[in-house]
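Listed below, chain by chain, are the residues.
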Protein chains: 2
Amino acid sequence: MEIYSNVADLRAALNKLRQQNRRIGFVPTMGNLHAGHISLMHQAKTHADCVLASIFVNRLQFGPNEDFDKYPRTFEADCAQLREAGVEFLFAPTENDLYPEPQTYTVEPPEIQFMLEGECRPGHFRGVATVVMKLFQIVQPDVAVFGKKDYQQLMVIRNMTNQFMLPIRIIGGETVRAEDSLALSSRNGYLSPEERAEAPRLQQTLQNIRQAVLSGDHDYEALCRKAAANLDSHGWKTDYISIRRQQDLAPATAADRDLVIVAASRLGTPRLLDNLEI
Amino acid sequence: MEIYSNVADLRAALNKLRQQNRRIGFVPTMGNLHAGHISLMHQAKTHADCVLASIFVNRLQFGPNEDFDKYPRTFEADCAQLREAGVEFLFAPTENDLYPEPQTYTVEPPEIQFMLEGECRPGHFRGVATVVMKLFQIVQPDVAVFGKKDYQQLMVIRNMTNQFMLPIRIIGGETVRAEDSLALSSRNGYLSPEERAEAPRLQQTLQNIRQAVLSGDHDYEALCRKAAANLDSHGWKTDYISIRRQQDLAPATAADRDLVIVAASRLGTPRLLDNLEI
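Residues numbered from 1 in each chain as written. Chains lettered and ligands numbered in written order. Predicted model: local features only at pLDDT ≥ 70, side-chain atom pairs only at ≥ 80, totals over all residues. Heavy atoms only, no water.

Chain A goes by Pantothenate synthetase in an unreviewed UniProt entry, where it is assigned to Fluviibacter phosphoraccumulans. Quoted verbatim from the Pathway (unreviewed entry) field of the UniProt record, the comment on chain A reads "Cofactor biosynthesis; (R)-pantothenate biosynthesis; (R)-pantothenate from (R)-pantoate and beta-alanine: step 1/1." The Subcellular location (unreviewed entry) field of the UniProt record for chain A holds the comment "Cytoplasm". (UniProt positions renumbered as here; feature names shortened; annotations may be inferred.)

S.K.: Before we go on, may I ask you to explain the overall build of chain A in this structure?
M.R.: If you tally the helices and strands in chain A, you get 10 helices and 10 strands. In summary, chain A has a C-alpha radius of gyration of 19 Å against a globular reference of 19 Å for 278 residues, a match within 12%. For the C-alpha atoms alone, the extent of chain A along its principal axes is close to 55 × 40 × 35 Å. For chain A, restricting intrachain contacts to residue pairs at least 6 apart in sequence, the fraction spanning at least 24 positions comes to 70%. Working note: accessible area of chain A is about 12300 Å², and carbon and sulfur atoms make up 48% of it. With 30 positive and 35 negative side-chain charges, chain A shows a spacing of 2 Å between the two charge centroids. (Helix = DSSP H or I, 4+ residues; strand = E, 2+ residues; numbered from the N terminus. Rg over C-alpha atoms; globule rule 2.2 N^0.38 Å. Contact = heavy atoms within 4.5 Å. Areas by Shrake-Rupley, 256 points an atom, 1.4 Å probe, with all protein chains shown as cover. Lys, Arg positive; Asp, Glu negative; His and termini not counted. Charge placed at Lys NZ, Arg CZ, Asp CG, Glu CD.)

S.K.: Teacher, can you tell me more about helix α3 (residues 75-84) of chain B here?
M.R.: Because each turn of an α-helix spans 3.6 residues, side chains separated by three or four positions end up pointing in the same direction. Residues and elements named next belong to chain B. Burial in α3 covers these residues: D78, C79 and L82. Down the axis of α3, the buried set is contained in an arc of 100 degrees. They therefore lie on one face. Along α3, exposed side chains directed more than 90 degrees from the buried face belong to E76 and E84. Of the residues trailing α3, G86 is marked for its positive phi of about 80 degrees. (Buried < 20%, exposed > 50% of the residue type's maximum accessible area, 1.4 Å probe, protein only. Arc of directions from axis to C-beta.)

S.K.: Please clarify how the interface of chain A and chain B should be interpreted in this entry.
M.R.: Frequently, the measure chosen for interface size is the accessible area that the parts lose on association. With 31 residues of chain A at the interface, the matching set in chain B holds 31 residues. Summed over both partners, the interface of chain A with chain B buries about 2800 Å², with 57% contributed by carbon and sulfur atoms. Taken as a group, Y105, Q163 and M165 of chain A account for 34% of the area that chain A buries against chain B, more than any other trio of residues on that side. For the pair chain A and chain B, the interface holds 0 salt bridges. Our count for the contact surface shared by chain A and chain B stands at 15 residue pairs in polar contact (both at pLDDT 80 or more). Every element with two or more residues in the side of chain A that touches chain B is listed here: α1 (7-19), α4 (95-98), β5 (106-108), α6 (124-139) and α7 (151-163) of chain A. Of the residues that constitute the side of chain A that touches chain B, the class distribution is 18 nonpolar, 8 polar and 5 charged. (Buried area = accessible area lost by both parts, 1.4 Å probe. Salt bridge = Lys/Arg side-chain N within 4 Å of Asp/Glu carboxyl O. Polar contact = N/O pair within 3.5 Å; in protein donor to acceptor, adjacent residues only side chain to side chain. Nonpolar A, V, L, I, M, F, W, Y, C, P; charged D, E, K, R; others polar.)

Here it is, written out as structure tokens:
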């Protein structure tokens with residue numbers, strides 16, 4: 001695996017690939033990789049001739065109350081996993097490589113940036129959109145893969161890409177789950193054994209809601225309110241469970257198609273995210 | 001000259017050029033072309049193997065009190081001038097080509113967007129930055145040329161391009177002037193013969209300021225205040241005359257290098273802009 005931190009060096013390497021008409025698949029990450037990330041690498045491979053991953057913990061998407069410095073950095077282990085997965089290129093810039101001057105020009109997403117995760121994390125999706133726009137300009141991939149686990153992030157990036165007419169195909173990678181349905185996440189490591197046993201209830205709850213909707217229950221608000229109350233009666237602290245339109249994550253009405261149930265709930269220390277498309 | 005309105009058709013044509021390793025020079029305009037625009041086309045030619053102009057009156061950069069519908073559209077005459085100048089490609093999208101859905105993702109420039117022209121035109125530079133980012137994604141030029149006449153616009157685009165690391169070289173084209181030093185502008189057509197005779201005083205005023213600064217006068221505020229008062233005593237209504245730092249257009253102090261004097265002043269109906277680098 002070729003590792004680059006310098007932007008000019010990476011560009012030179014990628015230009016060579018492009019001259020050979022090799023399609024580039026790109027998977028941006030913040031490192032601390034698990035099997036969910038690796039499945040995105042494999043997915044990128046099926047759409048491109050070579051895969052470039054990036055590892056960059058992006059200060060811009062951390063809120064003032066979020067601990068940028070404590071975000072887990074596991075570079076050597078990440079590299080081992082990427083090599084094992086057959087990833088050919090890694091872009092791992094320093095902050096100075098990517099932000100040689102403070103980033104004062106930003107990409108401003110619309111209303112979607114203020115709802116759900118955005119409500120808890122002001123400025124988060126602006127920071128995500130800005131760094132991804134920048135990474136896209138540097139890498140100029142043919143295809144980029146983002147996990148459906150962070151559903152709102154995927155939609156922000158997909159819509160940004162469409163509206164700015166970037167010549168990049170955005171692919172949503174399916175969430176990888178443990179056998180008991182818990183979505184893989186680096187946060188799962190913070191669960192106690194009891195909490196870990198309880199954790200699959202989140203996905204189970206979403207599946208129950210999905211079943212109810214498919215059976216004709218269109219009182220989405222009541223459905224989600226009851227589901228949240230049930231979760232909380234099992235020791236969860238639910239931030240939101242909500243049925244939304246996939247594309248813009250606006251609250252769904254009975255008339256809408258292409259829905260997604262999104263949820264964030266705290267179980268002990270960690271805050272778990274999950275979602276399920278309908 | 002090949003004329004495209006459809007984005008996909010344009011991309012196909014440009015991809016062919018790129019496969020032949022021909023460098024693309026891009027000059028975005030809103031049409032209503034004069035010799036100032038045409039000099040940008042010639043300048044693009046010196047930096048690229050072929051030149052693509054665009055004509056698009058961008059609703060996004062017009063304020064609520066600015067008349068988008070009355071902006072002069074002179075497509076046939078523009079095409080004749082572009083052909084005459086040897087421009088090979090013209091991109092002239094409809095609003096529906098460029099904005100098939102409302103543009104809700106925008107590029108947000110920093111403080112510079114609120115000063116000088118931005119103070120009179122809220123949202124203007126956001127609209128400029130957003131459409132230029134989008135045009136850059138569609139065209140992917142090697143070089144793009146913007147006139148120094150709209151100095152603040154040039155700086156917004158140059159800084160945006162740098163901060164997002166777009167692989168595009170931004171070139172500032174020198175302002176084309178009448179023999180008596182008046183900067184060419186489609187707004188000059190609204191001047192009465194008497195006003196037209198008076199109009200060169202704007203550039204003359206800037207040259208006097210420049211001379212004073214070079215002679216060691218560092219009281220920039222007093223210099224500009226006196227210059228504005230003098231203009232206004234000749235029938236002008238001056239919005240601003242100011243000595244700024246070139247890069248971010250922040251007010252300059254005696255310690256700053258790379259200065260520019262920027263001015264906007266109304267003479268009769270039209271509002272004339274000019275500037276002069278020091």
